[in-house]
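Structural features, examined
One letter stands for each residue in the lines below.
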Amino acid sequence: MKQTFYTYAQEDEKGIAGQACNDGSFRMKQYIVFILFIFGWNMLSAQNVGLNYYLPQSAGYDKKIPTPESVLGYQVGDWHASHEQIVNYIKAVDAASDRVKLLQYGYSHEQRPLYLLIISSPENQKNLEQIKTEHLKLSDPSVSGTVNTSNLPIFTWLGHSIHGNEASGANAAILLIYHLAAAKDAETLKWLNESVIFVDPVINPDGFSRFTEWVNSHKSFIPNDDTQEIEHSEAWPGGRGNHYWFDLNRDWLNLQQPESQARISALIEWRPNVYADAHEQGTNANYHFSPGEPTRVHPLIPDQAQDFIKKLAEEYYAPAFDKQGLLYFSAENYDDYYPGRGREYLDFHGGIAILWEQPSSRGFVQASSNGTLTFQLAIRNQLTAGLATIRGSHVLKKDLLDYQKWYFKQASDDARNDKVKAYIFGSPTDKAAVYRLAEIVKRNNIEIYKLAKDFEADGKKYSAQSSYVVPLNQSQHRLVHALFEIREEYKDSLSYDITGWTIPFAFNLDYSILGVANYNASLLGEKFEFNQWPQGKFTGNKNAYAYLFEWDGYYAPRALYRLLDAGIFVKVSEDVFTAEGRKFSRGTILIPLGTVYQQKSIDEIYKIIDTINKEDAIDVYSISSGFTSGHNLGSSSFGTVVKPRIAVLATGSAGEVWHLFDQRYRIPVSLIENISRINLNLYNVLILPGASSLSAAEAEKLRDWVDAGNTLIGFEGAISTFVQARLANVESVRSANNYRGTYEGFGIASRAEGIAGVIFKTQVDLTHPLLWGYSNRNLPVFKNSSLIVKPLSNSSSTPVVYAAKPLLSGNVLPRVAESLANTPVVLGFRSGQGRIIAYTVNPNFRGIWYGTNKLTANAVFFGNRINAATLTAPTFFSPENGNPAATGNAPQGRGGRDE
């Protein structure tokens, strides 16, 4: 007799809550369920591995050292470890092991501690200060000859997850720390006896924490390798950057973020011989380790450094991954050129710098063109690279130590023979910007001095009050050149990152190269120190008719906002004038003191002025009468300044705008996710730091808001958004594709047509409100996109244009540079009562372009002061005319490789 079984289904016409199936079909269903169970179990098993998956159990681990699982509560790789969990683990290891010394070297923006573990033998730990003292002698040519490198440990530094969403590095660091603290095998013990190993487990804890929260909160019980699954697609801005979304791997030289400043201070304190940087790249790539492209190595990096890196690659990395049967690549795609990244920075400090790039699972498991990629495999690969680095550095110990000694001695010898003897920079009007540049130079462990006496070079006058000298006769000779030089020859037309970073240009400061003919040591005053902030002065009587200060100081926008935020009535001069024998420029801020204008008392206003003097480095002048020459202070040439209420659309370079206003200007901005769901009328300024696709309703809402008299500002790709919203009409310059080569060479030739971070010279209209505070008709700007637009018919709408011969510093094809000549950098449009200001560049690039930050501030404070008649009224626009959005010439969004 057949048994009848029922499966739940929709009720049939007989009302039976199921459908009968016979024994055979039931067994088939049981079999299918069994197969699915086994498949699911295997998938889960791939997500739950033991410690022996990562580490050789033959090492014989000390049971007194806590395993990662005993502290985390799960095996490494089962979940993405949070920063707090990693901190708990390293503290537990530090408490249990005499091989480990835990140091806190700083804090992130969000006040997460930054930790460094120093791991070596117990004996070395007891003598660590003595070892450090001997090691540091290698970088001092005056005493390095006394150091016996045969008896000195090698210093090897391993950094992890500087990009927070490249989490395999930090999770691998947990295992590396455990191995070094607990392993009892002969090889590891020998490493510890003859090495001091530094492990920075999480360089970017703020971004790492954002990413970890995202991935863990979207983890499914059944692993899902679908590339479109939300686990693999973190919401913008993601965890790559720090709190302000800065890429910390581009901040090694600029040192604008606290994480970078603290890390470089620690790195310089210990001066490791080897630095390895753990990264992730695209999911479909294969593992990469240094070196990079051989034709893209900075000429100031010694050949010996590249030889060491090649040796590590051939004799240590390749065999380690061969043993795993892993596909990998080296000596292509990436390069060793820009010293502002981790993979090059130590090359300029007597060591060698190495990059690892692991294909990213961006979650727990993801399908790739090379098969299924698990988080555990990514962790194991990073651990493999870490152990190979320690192994190779240990074997090459004496050679690397001798190289460090040679590097600094050679730097001293090179300085003596160098035709360039010093660089000098300064500004007669912007003491704060000069100080900030000197601060960066000092943070990079470069000797810098105040100018001892007034000096003239290249027709430029340098005041002893606001100028500095950087001599080349010092151990950081190569790094000084890297910061200040203008390089004109390149072996390769391609670059992975920027090629122009001559730092005085970024600050828009006068600078000169001094040679034998015009340099002598008498120019060197006292050494620069961090406590020498240049305060402004107050000239005149407190009880006066009005106060004035000019707009040329870097922190003038901060000073102005202090007044506006306190309810002080403020005006701005739109023309030059003279008061009590002193000439004041356009953009001068006027604070009338009469009670008819001010609700605050003179004492209250003066208190704010005193803060402006001391904290903003602004000189303030009091005057006794409004009867000034050129224009009286009551003239219509003075306009009322309105307090800005700023919104920033969270796209593109929004983090840099946020950082500028929040950290430097101390002006609140509202970060908004979209236009559709907010009340735009709460703001009178809206900044679009990049492209954003708008619906028809959003575009209409934006036009209505502008027409009401507000100011819209956009950078780079935002121009395409303005075109879409019919708030601008822009015609792009299209370069002809005349390639006549092989199929193989087409991709390279196409990439060479781009603009990879180059500094260009512009010509500016100093009478225009967007240029108030500038005094030189030539302004350096930084360009990192191929967006080039044609001039507008109304030249007064484009107050900043590229010079006829625009190239200042960087690698760009001559025909590309020529195509920029006389094209606009800034474009102005009008709609209704409002203003639209578009920049074809990012004036706030990476937080280092102090010299063009004021282009942003001026648009915010004075955009509404621009005479509407000088602006272009956009006409109906069609894609055939060449708008950036239609032609593909708009700057591309984030993407590409991850290093």
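Keep in mind the model is a prediction, meaning the values are calculated, not measured.

A count of helical and extended segments in the chain gives 25 helices and 36 strands. Over its C-alpha atoms the chain spans a radius of gyration of 31 Å, differing by no more than 12% from the 29 Å that the globule rule assigns to 899 residues. Seen through its C-alpha atoms, the chain measures out along the principal axes to roughly 110 × 95 × 65 Å. Residues counted as buried form 59% of the 899 residues belonging to the chain. Within the chain, residue pairs in contact and separated by at least 24 positions form 78% of the contacts whose partners lie at least 6 positions apart. Roughly 36,000 Å² of accessible area belongs to the chain as shown, and the carbon and sulfur atoms make up 49% of that amount. Averaging the locations of the 84 positively and 92 negatively charged side chains of the chain gives two centres separated by 3 Å.

Right, let's talk about the packing of helix α7 (residues 186-194) against helix α12 (residues 375-395) for a bit. For the pair α7 and α12, the least separation of the axes is 10 Å and the interaxial angle reads 60°. In terms of orientation, α7 and α12 fall into the oblique class. The chirality of how α7 crosses α12 is left-handed. Within the contact between the two elements, α7 uses E187, K190, W191 and E194 and α12 uses L387, I390, R391 and H394. Partitioned by chemical class, the residues of the contact of α7 with α12 number 3 nonpolar, 1 polar and 4 charged.

On to the environment of G810, then. Following the sequence through the fold, G810 ends up in the loop between β34 (800-809) and α23 (814-820). Judged by relative accessible area, G810 falls into the buried class, the value being 6%. Once the C-alpha coordinates of G810 and Y490 are considered, the two residues, 320 residues apart in sequence, prove to be 9.2 Å apart. Look past the residues within four positions of G810 in its chain and what remains in contact with it is Y490, T499, G500 and V758.

Another point: the pattern of salt bridges. In the structure shown here, the tally under the stated rule is 39 salt bridges. A salt bridge links D206 to R112; the nearest nitrogen and oxygen atoms lie 2.9 Å apart. Here R112 lies in the loop between β3 (100-107) and β4 (113-119) and D206 lies in helix α8 (residues 205-217), a separation of 94 residues in the sequence. The two residues D206 and R112 agree in class, both being buried.

What follows is about the sheet that holds strand β6 (residues 195-200). The mixed open sheet is built from 8 strands, whose spatial order is β3-β4-β6-β5-β7-β10-β8-β9. If you trace the sheet from one side to the other, it starts and ends with β3 and β9 (328-329), each paired once. In this structure, β4 lies alongside β6, joined through 3 bridges in antiparallel fashion. Following the sheet pairing, I118 is matched in β6 by F198. The sheet contacts of helix α5 (residues 128-136) involve β3, β4, β5 (154-160) and β6, and relative to β5 the element is tilted by about 100°.

What follows concerns the sheet that holds strand β17 (residues 467-471). Here 5 strands make up an open sheet; going across it, the order is β18-β13-β17-β14-β19 and the pairing antiparallel. In this open sheet, the two strands that pair with only one neighbour each are β18 (510-515) and β19 (524-527). Each adjacent strand pair in this sheet contributes to an overall mean axis angle of 35°, direction not counted. In this sheet, β17 lies alongside strand β14 (residues 449-451) in antiparallel orientation, the contact comprising 2 bridges. Its bridge partner being in β17, K450 is matched across the sheet by Y468. Contacting β13 (420-426), β17 and β18, helix α15 (residues 477-484) crosses the sheet at an angle of about 45° to β13.

Before going further, it helps to examine the packing of aromatic side chains. Taken as a whole, this structure holds 57 aromatic pairs when the rule is applied. Here W252 and Y345 contribute two aromatic rings whose centre-to-centre distance is 5.7 Å and whose plane-to-plane angle is 40°, an arrangement assigned as tilted. Of the two residues, W252 is situated in the loop between α8 and α9 (258-270) and Y345 in helix α11 (residues 342-345); the sequence distance between them amounts to 93 residues. You'll find W252 and Y345 in the same group, each marked buried. Between Y468 and F528, the ring centres sit 5.5 Å apart and the planes meet at 85°, which makes this aromatic pair edge-to-face. On the criterion of sequence distance, the pair formed by Y468 in strand β17 and F528 in the loop between β19 and β20 (538-539) is long-range, its members being 60 residues apart. Both residues of the pair, Y468 and F528, count as buried. One cation-aromatic arrangement involves R582 over F584; the distance from NZ or CZ to the ring centre is 5.1 Å.

Applying the stated rule across the entire model yields 6 cavities of 30 Å³ or more. In this structure, the largest cavity occupies an estimated 110 Å³ of space. Every residue lining the second largest cavity is listed: H298, Y337, A482, E485, R487, Y490, T499, G500, W501, T502 and S809.

Our next topic: the environment of D510. Relative to the helices and strands, D510 resides in strand β18. Counting along the chain gives 84 residues from D510 to G426, while the straight-line C-alpha distance between them is 5.6 Å. Excluding residues that lie within four positions of it along the chain, D510 makes contacts with I424, F425, G426, P428, K460 and Y462.

Per-residue confidence for the chain gives a mean pLDDT of 91; residues scoring 70 or more make up 92%. Confidence drops under a pLDDT of 50 for residues 877-897, and excluding neighbours within four residues, the segment shows 42 contacts in the predicted structure.

The next thing to look at is the nonpolar core. Among the nonpolar cores identified, the biggest contains 224 residues, and F425 and I591 are the most heavily contacted of them. Here the element with the most residues in this core is helix α6 (residues 168-182); it accounts for 11 residues. By size, the runner-up hydrophobic cluster in this structure holds 30 residues, among which are I719, L792, L827 and I836.

The next subject is the side chain of H349. When you line up the elements, H349 lands in the loop between α11 and β10 (352-359). The class for H349 is buried, based on a relative accessible area of 3%. Polar contacts involving the side chain of H349 include one to the side chain of Y345, which spans 3.2 Å. A polar atom in the side chain of H349 sits 3.1 Å from the side chain of Q476. Not counting chain neighbours up to four residues away, the residues in contact with H349 comprise I268, R271, Q404, Y407, F408, N444, Q476 and L479.

Conventions used here
Residues numbered from 1 in each chain as written. Predicted model: local features only at pLDDT ≥ 70, side-chain atom pairs only at ≥ 80, totals over all residues. Heavy atoms only, no water. Helix = DSSP H or I, 4+ residues; strand = E, 2+ residues; numbered from the N terminus. Rg over C-alpha atoms; globule rule 2.2 N^0.38 Å. Buried < 20%, exposed > 50% of the residue type's maximum accessible area, 1.4 Å probe, protein only. Contact = heavy atoms within 4.5 Å. Areas by Shrake-Rupley, 256 points an atom, 1.4 Å probe, with all protein chains shown as cover. Lys, Arg positive; Asp, Glu negative; His and termini not counted. Charge placed at Lys NZ, Arg CZ, Asp CG, Glu CD. Axes fitted to C-alpha atoms, helices over the stretch in contact; angles between N-to-C directions. Parallel < 35°, antiparallel > 145°, perpendicular 65-115°, else oblique. Left-handed = near helix turned anticlockwise from the far one by under 90°. Nonpolar A, V, L, I, M, F, W, Y, C, P; charged D, E, K, R; others polar. Salt bridge = Lys/Arg side-chain N within 4 Å of Asp/Glu carboxyl O. Pairing = 2+ DSSP bridges. Phe/Tyr/Trp six-rings, centres within 6.5 Å; stacked < 30°, edge-to-face > 60°. Lys NZ or Arg CZ within 6 Å of the ring centre and 35° of its normal. 1 Å grid on protein atoms, 1.4 Å probe; cavity = no way out; pocket = protein on both sides within 12 Å on 5 of 7 lines; lining within 4 Å. Points joined across faces, edges and corners; volume = space filled by probe spheres on them. pLDDT = per-residue confidence, 0-100. Core = buried A, V, L, I, M, F, W, Y, C linked by side-chain atoms within 4.5 Å. Polar contact = N/O pair within 3.5 Å; in protein donor to acceptor, adjacent residues only side chain to side chain.

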